[in-house]
Amino acid sequence: MPTTNGIFYVNFAIFAVFLTLFITELMGAFLLLFWYEKAKRRVLEYVVPIWEVTGTFAVLWVVTADFAYPSMLFPVASLLAAYIVLFLIFLVARNASISFAEFIIKRRWLDEKKLYQAYAVSTLLLGIVVVIMLSAIVSGAGVDLTALTFSFTGWVTDPGSIPYLLGVLILGVGLAPVFYDISELRRWTLPLTTLGVVIEAVALDLYASSFLTWVFLVPAGLTVLPAAAYQHPGLAKAVTNKVLLGFVGTVVLFSQSYLVYPTAFHGGITVDSVTTTGPMVGAYLVLSAAGVVIVGALMGFYLYVAYRSRSPPAAGTPGPA
Amino acid sequence: MGISMVDFDRFLFAFTIGSHILLVSVSIALALLLSVFEFLSARTSDRYYAAFARRLIRPFVVSFGVGTASGIVMAVELVNLFPKFMTLVSETGVIGVFYVEVFAFFAETIFLVVYVYFGRSFTRRYARWWLTVPIVIGTLLSAVLITMVNAWMNTPNGFDIGAFMATGAVTGVNPWAPFLTTSTGYEVFQVTVGVPLAGIMLIGGYFALRHLRARDPDERTLFRKGLRVTVALALILVVLTILAGILEIEGLYTYQPLKYAAIELNPYPGTGLSENLFGWLSGMSVVGALQIPGLQGALGHGAYLPGLSQYPSSEWPPLIIHDLFDAMVLGGVLIGLFLLVFAALWVTHRRPFDKRSLAYGFAFFGVLTELVMELGWATDEIGRQPWIIYQVMPVASAANYSSALLVPGILIIAFYFLLVPLTFYFMVRVFNGRPLDLDLKGPPAGHDANY
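Residues numbered from 1 in each chain as written. Chains lettered and ligands numbered in written order. Predicted model: local features only at pLDDT ≥ 70, side-chain atom pairs only at ≥ 80, totals over all residues.

### Considering the overall build of chain A
Selection rule: Helix and strand definitions follow DSSP, with helices as H or I runs of at least four residues and strands as E runs of at least two, each counted in order from the N terminus. The globule rule used for comparison is 2.2 Å times the number of residues to the exponent 0.38, while the radius of gyration itself is calculated over C-alpha atoms. Exposure is read from a count of other C-beta atoms within 10 Å of each residue's own; the residue is exposed at 12 or fewer, buried at 20 or more and partly exposed in between. C-beta atoms are placed from the backbone. Two residues qualify as a contact pair if the distance between their C-beta atoms, derived from the backbone, is within 7 Å.
Tallying secondary structure elements over chain A gives 13 helices and 4 strands in all. A compact globule built from 321 residues would reach a C-alpha radius of gyration of about 20 Å, and chain A, at 20 Å, matches this within 12%. With respect to the principal axes defined by its C-alpha atoms, chain A has extents near 65 × 45 × 45 Å. When each of the 321 residues of chain A is scored for burial, the buried share is 47%. Long-range pairs, those at least 24 residues apart, make up 71% of the contacts in chain A with a sequence separation of at least 6.

### Describing the overall build of chain B
Helix and strand content of chain B: 15 helices and 6 strands. Dimensions of chain B along its principal axes, counting C-alpha atoms only, are 70 × 50 × 45 Å. Burial statistics for chain B: of 451 residues in total, 53% are counted as buried. Sequence separation of at least 24 residues holds for 77% of the intrachain contacts in chain B that already meet a minimum separation of 6.

### A word on the interface of chain A and chain B
Under the convention used in this document: For this classification, the nonpolar set comprises Ala, Val, Leu, Ile, Met, Phe, Trp, Tyr, Cys and Pro, the charged set comprises Asp, Glu, Lys and Arg, and every other residue, Gly included, is treated as polar.
With 60 residues of chain A at the contact, the number on the chain B side is 60 residues. At the level of secondary structure, the elements contributing two or more residues to the side of chain A that touches chain B comprise helix 2 (36-47), helix 3 (51-68), helix 4 (73-79), helix 5 (81-103) and helix 13 (279-310) of chain A. Class assignment for the residues of the side of chain A that touches chain B results in 43 nonpolar, 10 polar and 7 charged.

### Quick word on the nonpolar core
Note the cut-off: Definition of nonpolar core: a set of buried Ala, Val, Leu, Ile, Met, Phe, Trp, Tyr and Cys residues joined via C-beta atoms within 7 Å.
One finds V92(A) and L33(B) to be the most contacted residues of the largest nonpolar core, which totals 249 residues. For this core, the element with the most residues is helix 4 (residues 94-118) of chain B, which contributes 20 residues.

### Let's talk about the packing of helix 10 (residues 217-229) of chain A against helix 12 (residues 242-254) of chain A
Residues and elements named next belong to chain A. Filter applied, for reference: Here the axes come from fitting lines to C-alpha atoms, over the contacting stretch only for helices, and the angles between their N-to-C directions go from 0 to 180 degrees. Roughly parallel covers angles under 35 degrees, roughly antiparallel covers those over 145, roughly perpendicular covers 65 to 115, and oblique covers all other angles. Rotating anticlockwise by less than a right angle from the far helix to the near helix defines a left-handed crossing, while the corresponding clockwise rotation defines a right-handed one.
Between helix 10 and helix 12, the least distance of the axes is 9 Å, while the angle of their chain directions is 155°. With respect to each other, helix 10 and helix 12 are oriented roughly antiparallel. Here helix 10 runs over helix 12; the crossing is left-handed. Across the interface between the two elements, P219, L222, T223 and P226 of helix 10 pack against L245, V248, V251 and V252 of helix 12. Counted by class, the contact of helix 10 with helix 12 contains 7 nonpolar, 1 polar and no charged residues.

### Observations regarding the packing of helix 9 (residues 186-207) of chain A against helix 10 of chain A
Residue and element names in this part refer to chain A. Taken N-terminus to C-terminus, the directions of helix 9 and helix 10 make an angle of 170°; their axes are 8 Å apart at the nearest point. The orientation of helix 9 with respect to helix 10, classified from their angle, is roughly antiparallel. Along the contact surface, helix 9 presents T189, L190, T193, T194, V197 and A201, while helix 10 presents A220, T223, V224, A227 and A228. Looking at side-chain class alone, the contact of helix 9 with helix 10 contains 7 nonpolar, 4 polar and no charged residues.

### Considering unusual backbone geometry
Here the amide bond leading from Y261(A) into P262(A) is cis, since omega sits at 15°, within 30 degrees of zero. Inspection of the secondary structure assignment puts P262(A) in the loop between helix 12 and strand 3 (263-264). Omega for the bond connecting Q385(B) with P386(B) falls within 30 degrees of zero, at 10°, which places this linkage in the cis form. Within the secondary structure, P386(B) sits in the loop between helix 12 (356-384) and strand 5 (387-389). If you check the backbone angles, F265(A) has positive phi at about 55° while not being a glycine. Relative to the helices and strands, F265(A) is located in the loop between strand 3 and strand 4 (269-270). Unlike most non-glycine residues, L265(B) shows phi in positive territory, near 55°. Note on placement: L265(B) falls in the loop between helix 9 (257-264) and strand 1 (275-277).

### Observations concerning the environment of E200(A)
All names here are of chain A. Its place among the elements puts E200 in helix 9. Between the alpha carbons of E200 and T223 there is a distance of 12 Å; along the sequence they are 23 residues apart. In this structure, E200 is in contact with Y164, G167 and L171, ignoring residues within four places of it in sequence.

### Thoughts on the confidence of the model for chain B
Quick note on the threshold: Values of pLDDT, the confidence the predictor places in each residue, fall between 0 and 100.
Of all residues in chain B, 98% attain a pLDDT of 70 or more, and the chain-wide mean is 90. Here the prediction assigns the complex a pTM of 0.88, and the interface score ipTM is 0.86.

### Some points on the environment of W176(B)
All names here are of chain B. Structurally, the position occupied by W176 is in the loop between helix 6 (161-167) and helix 7 (184-213). Residue class for W176 comes out partly exposed when judged on the 14 C-beta atoms lying within 10 Å of it. Separated by 18 residues in sequence, W176 and G158 have C-alpha atoms that sit 7.2 Å apart.

### What about the confidence of the model for chain A?
Low pLDDT means the predicted atomic positions in that stretch should not be read closely. Mean pLDDT over chain A works out to 88, with 95% of the residues at or above the 70 mark. A low-confidence stretch, residues 313-321 of chain A stays under pLDDT 50, and its non-local contacts, those more than four residues away or across chains, total 7 contacts.

Structural data, given as structure tokens:
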């Protein structure tokens, strides 16, 4: 049992990091779409050097999930095939549009703004597909595990689904000015974030009353706290620290593991029963330990360089070549 | 006339991977060239090399971005199209190879991000070059590790195959064995030299055309220097690719004798066999081939070489692989000869870079090298048919028969028809994005990227 838990939690921790990074991009996407001129510098300063890293964490999560749950590959692929294809198309569109945008020189009608907004639209659509798939895995809405089919009508008519999607989008809009420190939008952050959290709580309760327990208070509090602190200019610098907010986001998402463990699809599948066994467990844990060291060192290097490059040079230090 | 879902799955995956490796070859070549130009720039302080590094990073980011997403498409397609294959992969150590590949990918990503967006804070002479080294290693390792998975598909190990064939149960798993199979070394060597060669030839062809058309002296100097580097690298890689090809074909008759027999179109086994160039099999006779007596036997060092008659015809792969293989070898020989002529003219100071015919020739052979790489990959994959895992799992057993895959599959094909040309178009556009005189002066103020 403890080994099985270890495999799940390693995989879920990677998922939490990936999702945190993705949500920060999603928040940037809102601003790029609706507040481009005023927000672009702050958003792009963060998004441009991070989108490749987000994608890499996505790959890491997919591979570790394949490793951890081999017998789930076929059911999940059958269930969500169409949504997975949509996910892939939006992912390619996201990567292509942002990488084109970064270095394009305007010619005729096509310029960086259009491409960055294409990136924002792709990211937003990607986010909606991800939320639909996640909510189905959590709640089982629209899912028929016997026939291995997923019905969008079944999902959308489940009372929890639309509030779940709406709650995520409102949370994204509410927290975006905090994460990117857009003080002009400060007054909207606390009401929208609080509203998002409340809608999420309602959605979870509508999906199943067992989903809404006292445990939810911890992530709810950690989500509203930055928006509340952002109202005080004295605290703004501290709460807009991206590393800190990223860490808090990861903790919040990791705390949601109870929604899919010990059972996913609202009791439809017991995670322990589909987790890898035998010698593969040892290999998974050894490789994951190596991964913690390698990825940890690489991310440490990345954060150090990013921090150093933003610090003003000391007096007498030669400028960059 | 309908198409079965198995054939649709086959076609869709072949189409996707065929498109993907075009991007990969250019991506690896760009990483390699970037590193070489950074090194030369640091060593000689030549502003043209520095300008090249500055220009190449832009298409590299584009190819990385699209290539990464395309790689994810393939990984997910494998699960969707061949779920039973991926289930076996995930129950054996092969998934560990994928896991390690992600670490290589991480190294590539982080160093790429640091180099592109924060590279200017590295002011020491060789520091920026050092940043490119892990990018090259990470890019190459990603290709190497995915090739290791392909090697396992050709020569599977790491579990009790007999028990699996008898009962379908996966037992006796050794999670580390798939990292080294009988064919791993051969395939990895082939890919690490052949794939960069294809990308470098394509880029070299582009440089040759640009050099030919350049009127501005700075532009001529830039592309002449670029051509020198690409020709030098291509010469080294073509020699290594020929060596890797010889080693692989020699290895093939021990670990996949049936594929060897089909590639060589040997109806019967024997020693001192003739080399059959093209042609086909009529009954058990080779027809329409140009035969070179004794050549195959000599290349096989007098070994007893396998023939198709040793296997039931139901297990034979499509014999088209014989023609694909010969076309690949013919193309490879022509590319080698072209580079040899180019090098000979260069060494004897006959200014090959200024010759119109050679510039167009380079562009032609650049495209041909990509085609040869595709032919090599097709030979390997079609040669394993009807198996997805050689003599363990037929494609028909691994495939997803759901017709629900048809529409999304057609969408993906349509999307790639748009994506690949668009990516190459944007790569060229961002390469030329900034006027050359600005690139020669130094990096732009603020950021290299638009933000």
